[in-house]
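# Chain and residue survey
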Amino acid sequence: MGVAKLKKAELYYHKSVHEQIAAALQETGACQIISTTEENQTHPAEVEALISKNEEMLADVRYLNRTLTPHYVDPVPALDRMLGERPEVTMSELEELASTTDLKAVCDKTRNVEHDTADVRLKLSEARLNVSILSSLGFFEYPLSVITEGTQTLTGLVGTIKAEKIEGLKAALGDFSLFAHDTELIIAPYDVKNKTQDVYVALLYARSVEASVKELCAKNGVSFVEIPATFKETPAEELEKYTASITDLEAKESDLAEKLAAIAQECVPTVQKLSDYYNSLATRYNGTAQSEETDCAMLTRFWLPASRADEIRAKIEAISPEIDLTLADPEPGEEPPSLLNNGSLIRPFNILTELYSSPTYRGIDPTPLLAPFFWVFFGMCLGDAGYALVVFGTILYVFKKYKKISLGVKDFIKLFLFCSVSTFIYGVISGSFFGNFIDSFVPILVPLKNSLMLVDPMTNPMQVLGISLLLGVIHLMFGLLIAAYDKLRSGQFIDAIGNDISWFLLIVGLCLLGTGMGGMLPPHFVQIGQAMAGIGAVIIFLYAGKGKKGIISKIISGFLALYGSTSYLGDILSYSRLLALGFGSAVIGMVINLLGGLAADIPYVGWLIAIVVIIGGHIFSIAINILGSFVHPLRLQYVEFFGKFYSGGGEAFTPLTLSQEYVNVKA
Amino acid sequence: MEMLGLSLALFGAALAAALAGIGSAIGIGVAGGAAAGVMTEDPNKFGSCLILQALPGTQGIYGLLIAFFVLNKIGLLGGAGAYALTWNQGLQIFASCLPIGLVGWYSAIWQGRTSAASIQMISKKPEAMGKAIILPAMVETYAVLALLTSILMLMGVQVG
């Protein structure tokens, strides 16, 4: 239970075995390398060489992964993958695979296809642009070479002009022709009524007058259109040519895409395996790179759990006789990482602590302390026996179907398995089974349901509100006692009493006083409550003034500290969410049953609609309520409970492990 | 005037569902924008982004819940038809709907903003998911309290 004891290891070995050592440390999955602290420290050259060689392979793997994965269709659904349906391989099989796979060849093949694809796409966009230009030149019936090249004496231009300016252009050209040279103006068909549209025009003229014609056109509002020099035939012929080439290029593009997909289908499984392999090697070498060296020996330091020390020592010493491993307890000034070590009932709750922040090595592990509360709170928030059965059944089915779920995922699922039990219990005692399903549809079971009910939030919510707040007080007071214990452990008696015990006395005293006066407890509890609250308040008052000088500031800070009791009031009221969320799930369930009942009244198809509404509605309700029932009890742990005694701040234990992103790698 | 009570009660139910629903829609929209931005960089974050985006959605459900509660209470959902409410009873039901309507509306918007910020946070620090969920949940507290207030008030109103 709690934070596992660690040992600090100093391992001296000959450089010739550094690879085996690194592999062995990684295989144990229980050694966290301690970085060399000095800056600019050079790493052992042998390891550096391995790292840079490995980095080359990793670059190829990353390239292939990035390029091919979008084209890869995984035959196994993503959910199955997440639940552990992945190939199982050993490191030696991967090594074999790495030596027989020609990654470079695959990369070259992929790069060629990528390159060709880019090429085809470029040509395609060019052809599409040409087609769009050509489709507006349909009015021009001569070969376009007249414009792009011209003959010996003749040349031309193409432009656009506003419809309203065409007459002006015609007139100007007419004047011009009178003086010297013939020009031919060809105008694309246009709608005479639309004055502002752009109309395509082409103009043919003698080469000798080009400059003056262009000037004249510009003056009359023609904007010139650049015609690509490759156009030689008539627009119609050119258009046909480019349309054909687009069909051709599109076929090529889809060919290349298929080719890439084929490569992906063939290579991605291998690439994924190799990705895990090379990433594992990278972690391994980066671990031993943090070593000090002499000419022929290396020193690696790492943390390992004390419980596995003997096993790891045996494994390492089997590698070579020239190895020296010394194990030592952490020194007082050292801050080792923390590894949560909880039994199988508590372990699924570890994630709740880790999501917040790991404890420090010498700190308290809050997991076993929060687990029972989280369990109860979750049960109260979801609070429905039917929903609990659905969750429980689904999880059992998942565990039965998927045997290879990774440990982390399995623990997280188990958290919900455990919590479905508390949900079931609370559902039974509050009489909620798929909302009010029993009352609405199976009245036969109502007596059974009622006989098991201990609380009834629907007709007597104040009772459940009282229970919620009482749980809150217990939770908070438990937190204060842990804080006091933590301070006493390190000898801070005054702080433990002034900060924690005092508030415990005050709050518990006030609760006894209140319930006693309300007649819920025998009257002599009133006196006990008064005494406890009084002592608590006095201690708080005195403790707050401890560091202050002068009687006035002592008094002021004392009152300020007592004013802090409002925050406890807020904390306690915060637990009313247990009632509200439990209510939420029950009423949503009720609404769904109500809608189902209404739907059932529709003639002929009503029963079918009712079934769909009830099943679909309850699935939705389960999903949304699980989210709420997870988040809100978690908040009660993090904000109200942890606020009293826990701040985390430790570094989580991160041992050297094998990379398992795509496949399950065994050592 | 004999229908004024019923109208007031319905007006309250409408406000509860509508205001809280509007708030949730805005909140989810704000968070969704941030989620889409993060996913352009890293599509693998879909799962965690979706959870964070869904958080401001509960207010809409709370509003709906209260609206149904009211409809049920005034007998509109059964086959028997609505009870005759005095205008006083109608006003009481109307008042009971205000907490979840108003707080649901506003808290969902602010929760959406916090969710959006949390989504930004996990884009840089995916391991901080626990903290990222708790920050928006802090805002939701007040919607939960408003829901509780509305429910307790409604249960106290005597009709029929």
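For the structure itself, look to the data block above.
For every chain, the first residue of its written sequence is number 1, and the numbers climb from 1 along that sequence. To read the labels, note that chains go from A and ligands from 1, taken in the order they are written. In keeping with the predicted nature of the model, local features appear solely for residues at pLDDT of at least 70, side-chain atom pairs appear and are counted solely at 80 or more, and the whole-chain, interface and lining totals rest on all residues. Hydrogen atoms and water are omitted, and side-chain values are computed over all heavy atoms in the structure.

## Here we look at the environment of Ile-51 of chain A
Residues and elements named next belong to chain A. Runs of H or I in DSSP of at least four residues are treated as helices and runs of E of at least two as strands, each being numbered from the N terminus. Mapped onto the elements, Ile-51 comes out in helix α2 (residues 45-68). Throughout this description, buried means an accessible area under 20% of the type-specific maximum (1.4 Å probe, protein chains only), exposed means over 50%, and partly exposed covers the range between. Of the residues examined, Ile-51 reaches a relative accessible area of 17% and is grouped as buried. It is 75 Å that separates the C-alpha atoms of Ile-51 and Val-192, two residues lying 141 residues apart in sequence. Filtering out sequence-adjacent residues up to four positions away, Ile-51 remains in contact with Tyr-285, Asn-286 and Ala-289. Residue contacts are defined here by distance: any two heavy atoms, one from each residue, within 4.5 Å place the two residues in contact.

## Observations concerning the interface of chain A and chain B
Of the residues lining the interface, 32 residues belong to chain A; the matching set on chain B comes to 26 residues. The term buried area refers to how much accessible surface (probe radius 1.4 Å) is lost by two components on association, counted for both of them together. Buried area between chain A and chain B, both sides added, is near 2400 Å², and the carbon and sulfur share of it is 83%. Salt bridges, as used here, are contacts in which a Lys or Arg side-chain nitrogen is within 4 Å of a carboxyl oxygen on Asp or Glu. Counting the contacts that link chain A with chain B gives 0 salt bridges. A 3.5 Å cut-off defines polar contacts: any pair of N or O atoms within that distance qualifies, except that in protein one atom must be a possible hydrogen donor and the other a possible acceptor, and neighbouring residues in sequence count only when both atoms are side-chain atoms. On the surface where chain A and chain B come into contact, there are 4 residue pairs in polar contact (both at pLDDT 80 or more). Secondary-structure elements contributing two or more residues to the side of chain A that touches chain B are α11 (350-356), α17 (461-489), α22 (577-600) and α23 (606-645) of chain A. Broken down by element, the side of chain A that touches chain B gets its largest block of residues, 13 residues, from α22 of chain A.

## Topic: empty space enclosed by the protein
Buriedness of a pocket was judged along seven lines, with at least five required to meet protein on both sides within 12 Å; pockets are open sets of points on a 1 Å grid over the protein atoms alone, cavities are sets where a 1.4 Å probe fits but cannot get out, and lining residues have an atom within 4 Å of a point. Grid points are joined across faces, edges and corners, and a volume is the space filled by probe spheres set on the points. Counted according to the given criterion, the structure contains 3 cavities of 30 Å³ or more. In this structure, the largest cavity occupies an estimated 110 Å³ of space. In terms of lining, the largest cavity is formed by 14 residues, of which the most central are Leu-581, Ile-624 and Asn-625 of chain A together with Thr-58 and Tyr-62 of chain B. Of the residues forming the lining of the largest cavity, the biggest block, 5 residues, is contributed by α23 of chain A. Across the lining of the largest cavity, the residue classes break down as 7 nonpolar, 6 polar and 1 charged. The space that makes up the second largest cavity amounts to roughly 80 Å³. Along the walls of the second largest cavity sit Met-380, Gly-383, Tyr-426, Ser-430, Ser-432, Pro-457, Val-464, Leu-578, Leu-579, Gly-582, Phe-583 and Ala-586 of chain A, which together make up its complete lining. Take the lining of the second largest cavity: its biggest share by element is 5 residues, from α22 of chain A. Think of it as three bins: nonpolar holds Ala, Val, Leu, Ile, Met, Phe, Trp, Tyr, Cys and Pro, charged holds Asp, Glu, Lys and Arg, and polar takes everything else, Gly as well. Among the residues making up the lining of the second largest cavity, the classes are represented as 8 nonpolar, 4 polar and no charged.

## Comments concerning the packing of aromatic side chains
Residue and element names in this part refer to chain A. Whether two aromatic rings pair depends on their centres lying within 6.5 Å, for rings of Phe, Tyr and Trp, where Trp uses its six-membered ring; planes under 30 degrees apart make the pair stacked, over 60 edge-to-face, and the rest tilted. Considering all chains together, one arrives at 34 aromatic pairs over all chains under this definition. Ring geometry for Tyr-356 and Tyr-646: centres 5.9 Å apart, planes at 40°, overall tilted. One end of the pair, Tyr-356, is in helix α11; the other, Tyr-646, is in the loop between α23 and β11 (664-666), and 290 residues separate them in sequence. Judged by relative accessible area, which is 22%, Tyr-356 ranks as partly exposed. Look at Tyr-646 and you get buried, because its relative accessible area is 8%.

## Focus: the nonpolar core
Throughout this description, the term nonpolar core refers to a set of buried Ala, Val, Leu, Ile, Met, Phe, Trp, Tyr and Cys residues connected via side-chain atoms within 4.5 Å. Judged by nonpolar contacts, the single largest core of 90 residues is most densely connected at Tyr-278 and Phe-302 of chain A. Sorting elements by how many residues they give to this core places helix α9 (residues 235-288) of chain A first, with 16 residues. Sequence-distant contacts of Tyr-278 of chain A, that is, excluding residues within four places in its chain, are made with Asn-54, Met-57, Leu-58, Val-61, Ala-98 and Leu-103 of chain A. Ile-588 of chain A together with Ala-16, Leu-85 and Ala-146 of chain B belong to the second-largest nonpolar core, a separate cluster that totals 63 residues.

## Let's talk about the sheet that holds strand β5 (residues 184-187) of chain A
Within a sheet, adjacent strands bond to each other through the backbone by hydrogen bonds, running parallel or antiparallel. Residues and elements named next belong to chain A. Strand pairing is assigned whenever DSSP detects at least two bridges linking the two strands. Taken in spatial order, the 4 strands line up as β5-β6-β4-β7 in an open sheet, and their pairing is antiparallel. Strands with a single pairing partner mark the edges of an open sheet, and in this sheet they are β5 and β7 (223-224). Of the strands in this sheet, β4 (154-162), β6 (198-206) and β7 are in contact with helix α8 (residues 210-219), which crosses β6 at around 160°. In this analysis an axis means a line fitted to C-alpha atoms, helices contributing only their contacting stretch, and an angle means the value between N-to-C directions, from 0 to 180 degrees.

## Structural notes on the side chain of Asp-365 of chain A
Residue and element names in this part refer to chain A. In this fold, Asp-365 is placed in the loop between α11 and α12 (367-382). Under this rule, positive means Lys or Arg and negative means Asp or Glu; His and the chain ends count for nothing. Lacking a salt bridge, the buried Asp-365 has Arg-347 as its closest oppositely charged neighbour, with an N-O distance of 11 Å. A polar side-chain atom of Asp-365 sits 3.1 Å from a polar atom in the side chain of Asn-342. Polar contacts involving the side chain of Asp-365 include one to the side chain of Thr-367, which spans 2.6 Å.

## A word on the packing of α2 of chain A against helix α5 (residues 103-134) of chain A
Residue and element names in this part refer to chain A. Two elements in contact, α2 and α5, have axes whose closest approach is 10 Å; the angle formed by their N-to-C orientations is 40°. With respect to their mutual orientation, α2 and α5 come out oblique. Relative to α5, the crossing made by α2 is left-handed. Across the interface between the two elements, Met-57, Asp-60, Val-61, Tyr-63, Leu-64, Thr-67 and Leu-68 of α2 pack against Leu-103, Lys-104, Val-106, Cys-107, Thr-110, Arg-111 and Glu-114 of α5. Grouping the amino acids of the contact of α2 with α5 by side-chain chemistry returns 8 nonpolar, 2 polar and 4 charged. Oblique is the label for every angle not falling under 35 degrees (roughly parallel), over 145 degrees (roughly antiparallel), or within 65 to 115 degrees (roughly perpendicular). In this scheme the handedness of a crossing depends on how the near helix is turned from the far one: anticlockwise by less than a right angle means left-handed, clockwise means right-handed.

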